[in-house]
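Notes for the structure review
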Amino acid sequence: VSTQVIAVTISSLATTFENKEITIFPNPSKSQLNLKDFDSQKKSIKIYNLKGEIVLNIESLKSNSIDIRSLNNGMYLMEITLEEKMTIQRFIKN
């Protein structure tokens with residue numbers, strides 16, 4: 001079993017794409033996260049635990065919601081990539 005570990009430094013959790021902030025809601029959430037102002041054709045999501053391990057990788061997100069029922073309770077970092085731009089948002093699974 002191979003584990004990919006990445007070091008993530010967060011200077012700002014509120015990053016904007018072309019003057020639009022991407023919002024994750026509800027936060028905290030038990031089963032599903034919704035993304036507001038997320039209208040790009042090419043979008044991908046990586047979710048990291050606080051150890052820096054990728055726990056969920058969605059190469060091509062087709063909707064504005066993500067099923068997080070498979071994740072354990074805790075805090076996570078979500079890397080959102082639109083076209084060639086990227087931001088990181090924090091959320092809690094409870």
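All values reported here derive from a predicted model rather than from experimental measurement. (Residues numbered from 1 in each chain as written. Predicted model: local features only at pLDDT ≥ 70, side-chain atom pairs only at ≥ 80, totals over all residues. Heavy atoms only, no water.)

What follows is about unusual backbone geometry. Look at the link from Phe 25 to Pro 26: it is a cis peptide, with omega at -15°. One can find Pro 26 in the loop between strand E3 (23–25) and strand E4 (32–36). A cis amide bond links Asn 27 to the next residue, Pro 28, at an omega of 10°. Looking at where Pro 28 falls in the secondary structure, it is placed in the loop between E3 and E4. (Helix = DSSP H or I, 4+ residues; strand = E, 2+ residues; numbered from the N terminus.)

Counting across every chain of the model gives 1 salt bridge. For Arg 69, the salt bridge identified is with Asp 67, shortest N-O distance 2.5 Å. A residue is classified by how much of its surface remains accessible, and Arg 69, at 60% relative accessible area, is exposed. (Salt bridge = Lys/Arg side-chain N within 4 Å of Asp/Glu carboxyl O. Buried < 20%, exposed > 50% of the residue type's maximum accessible area, 1.4 Å probe, protein only.)

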